[in-house]
Structures are given as structure tokens and as C-alpha cells.
Amino acid sequence: MSAGTVENPLAPDANGFVRYRAFEGLNAAARQRLSRAAKSGELLPVRPGLYYRGVKTQYGMVPPRPIDVARAIWGERGIGPSGFSAAREWGLTSQIPTALHVATLWTVAEVKGIVQHSRRNQARHDLNWKEIALLELLRDMTVYVEAGWGSPAEKVLTAQQDGSVNLERIESALQTERRPTARRDFATLMGVMGVS
């Protein structure tokens, strides 16, 4: 953040998040202002050092969506939905998970509304949200897909064509995935798609 932002520690970023660590040289008065803002409801505490300023209604402040919280904590790369959250991301299930399940390269203290699944494959770092979702589905595609292989094959082909996924990056990351079913299901998916 710019030096001008330090004067107003309550100024949120473009997504509405305020980060304590973003303020270099934050003095005691500014820290107290953040604390008072959280206590008064001007900011919602998300986790230590991370606050949110959303739209206020007559019922209180609208909280951030779990997907936005996940991205604020872990960033945009190497993180993505897991389980039924991944199936929802790809439009392959009608089930709505009660919490957002995310696969991450590192875990943090519990975050409300988010279930973390730790993955150690560092090759995932280069994958985007949708690519991680596909990789997670490939760990056991048959559990999450309701309508057979045709639907995911069609959706993956469309995503590849519009540039939202890169199958070469996914295939590269699969080489170091611990679960062998992921490579097997990827091969099956490629076969259905007619990709050798």
C-alpha cells in the first residue's frame, strides 16, 4: 500500500479487505483505531491481521464471500476448490456444500466458512483456481461427477478453448501428485475428450 494509506489504516483494498501487516511502521494509535473499528462493527475481523469492510445494511455489515476470504489469505495461484466445492466450480453437481472446501499449499488457523485441505505438491503453485479445482476432481472423479464422463469432458474442452485452463500445466502437476487415481482419471478424461 502507498505511504498515504498508512494515515488511514481503515481504508480497504479493492476487494474490501484491510490487512494489518500492510501498514509499515503502524503506530500504536493506528493499531488502536483498527481494534476500535472492529469492536464497533466498522470492520469485520476475518482472522488475525485481516479485516473486512463490506456494505452495511439495517441488519449489519454484509460479510465477505468465503471464496474472497480464501483468495485474500492464500492469493490467486496454487489454491482452489476441493471436493464438492470443486464439482460446483465446474458445474458438475447440484449439491451445495455447507462450507467452501479449498486445497492449499499451506494451512492457517481455522477460518469460518472454509475447510482447508493441505496439499504438498509444489507443482500446484503454477495452477490457477479452476485448474486446481480440476486437479482436485481428478483425485477421484467418480465420487463427484453425477452424469458420467461426457459432461466433465465437454466442460474441460470448453475451458481449454477459452483459455481458463491449461491442460499441459495440469498434466505436469499430475506427475508429482501422490494419488495415482488422479493420473488414471486424467487419462480417462483425455480419452473421452479425444485427446491423446
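Overview of the structure. Predicted model only: the values in this text are computed from it and were never measured.

Brief notes about helix α2 (residues 28-40)
Helical periodicity: at 3.6 residues per turn, an α-helix aligns residues three or four positions apart in one direction.
Here is step 1 of the chain: Helix length check: α2 (13 residues) gives 18 Å between terminal C-alpha atoms against 18 Å at 1.5 Å per residue, within 8%.
Here is step 2 of the chain: Turning to α2, its buried residues are Ala30, Leu34, Ala37 and Ala38. Buried residues along α2 cover an arc of 100 degrees about the axis, so they all sit on one side. In α2, the exposed residues that point more than 90 degrees away from the buried face are Arg36, Lys39 and Ser40.
Here is step 3 of the chain: Looking at the buried side of α2, the elements it contacts are β1 (17-19), β2 (44-47) and β3 (50-52).
Here is step 4 of the chain: Just downstream of α2, Gly41 is the residue with a positive phi angle, here 90 degrees.

Here's the deal with the sheet that holds β1
Hydrogen bonds between backbone atoms are what pair the strands of a sheet, whose relative direction is either parallel or antiparallel.
Here is step 1 of the chain: Ordered by their spatial adjacency, 3 strands build an open sheet running β1-β3-β2, and the pairing between neighbours is antiparallel. Only two strands of the sheet have a single neighbouring strand rather than two, namely β1 and β2. In this sheet, adjacent strand axes meet at a mean angle of 35 degrees when their direction is disregarded.
Here is step 2 of the chain: The pairing of β1 with β3 spans 3 bridges and is classified as antiparallel. Pairing of Arg19 across the sheet is with Leu50, part of β3.
Here is step 3 of the chain: Lying over the sheet, helix α3 (residues 66-74) contacts β1, β2 and β3, oriented at roughly 25 degrees with respect to β1.

Some points on the nonpolar core
Here is step 1 of the chain: Counting 28 residues, the largest nonpolar core has Trp90, Leu134, Leu137, Leu138, Leu167, Ile170 and Leu189 as its most contacted members.
Here is step 2 of the chain: Going through the elements one at a time, α4 (83-89), α5 (129-138), α6 (141-144), α7 (150-162), α8 (167-174) and α9 (180-193) are the ones with two or more residues in this core.
Here is step 3 of the chain: It is α5 that contributes the most residues to this core, 6 residues altogether.
Here is step 4 of the chain: Once you skip the residues sitting within four places of it in the chain, Leu134 turns out to touch Trp90, Met141, Val156, Leu167, Ile170 and Leu189.

Description of the pattern of salt bridges
Where charged atoms from two side chains of opposite charge approach closely, those side chains can pair.
Here is step 1 of the chain: Scanning all chains against the criterion turns up 11 salt bridges.
Here is step 2 of the chain: It is possible to trace a salt-bridge network through shared partners that takes in Arg119, Arg124, Glu136, Arg139 and Glu177.

A word on the sheet that holds strand β8 (residues 114-118)
Here is step 1 of the chain: Strand order in the open sheet made by the 3 strands is β6-β7-β8, with mixed pairing throughout. Two strands lie at the open edges of the sheet, namely β6 (80-81) and β8, each paired on one side alone.
Here is step 2 of the chain: In this structure, strand β7 (residues 100-104) lies alongside β8, joined through 5 bridges in parallel fashion. Paired with Val102 across the two strands is Gln116, which belongs to β8.
Here is step 3 of the chain: The strands that α3 touches are β7 and β8; relative to β7, the one it contacts most, it runs at about 20 degrees.

Here we look at the packing of aromatic side chains
Here is step 1 of the chain: A full pass over the atoms with the stated rule returns 1 aromatic pair.
Here is step 2 of the chain: In this arrangement the basic side chain of Arg71 is found over the ring face of Trp129, its NZ or CZ atom lying 4.4 Å from the centre.
Here is step 3 of the chain: Over the ring of Trp90 we find Lys130, and its NZ or CZ is 4.4 Å from the ring centre.

The rules we used
- Residues numbered from 1 in each chain as written.
- Predicted model: local features only at pLDDT ≥ 70, side-chain atom pairs only at ≥ 80, totals over all residues.
- Heavy atoms only, no water.
- Helix = DSSP H or I, 4+ residues; strand = E, 2+ residues; numbered from the N terminus.
- Expected span 1.5 Å × (residues − 1).
- Buried < 20%, exposed > 50% of the residue type's maximum accessible area, 1.4 Å probe, protein only.
- Arc of directions from axis to C-beta.
- Contact = heavy atoms within 4.5 Å.
- Pairing = 2+ DSSP bridges.
- Axes fitted to C-alpha atoms, helices over the stretch in contact; angles between N-to-C directions.
- Core = buried A, V, L, I, M, F, W, Y, C linked by side-chain atoms within 4.5 Å.
- Salt bridge = Lys/Arg side-chain N within 4 Å of Asp/Glu carboxyl O.
- Phe/Tyr/Trp six-rings, centres within 6.5 Å; stacked < 30°, edge-to-face > 60°.
- Lys NZ or Arg CZ within 6 Å of the ring centre and 35° of its normal.

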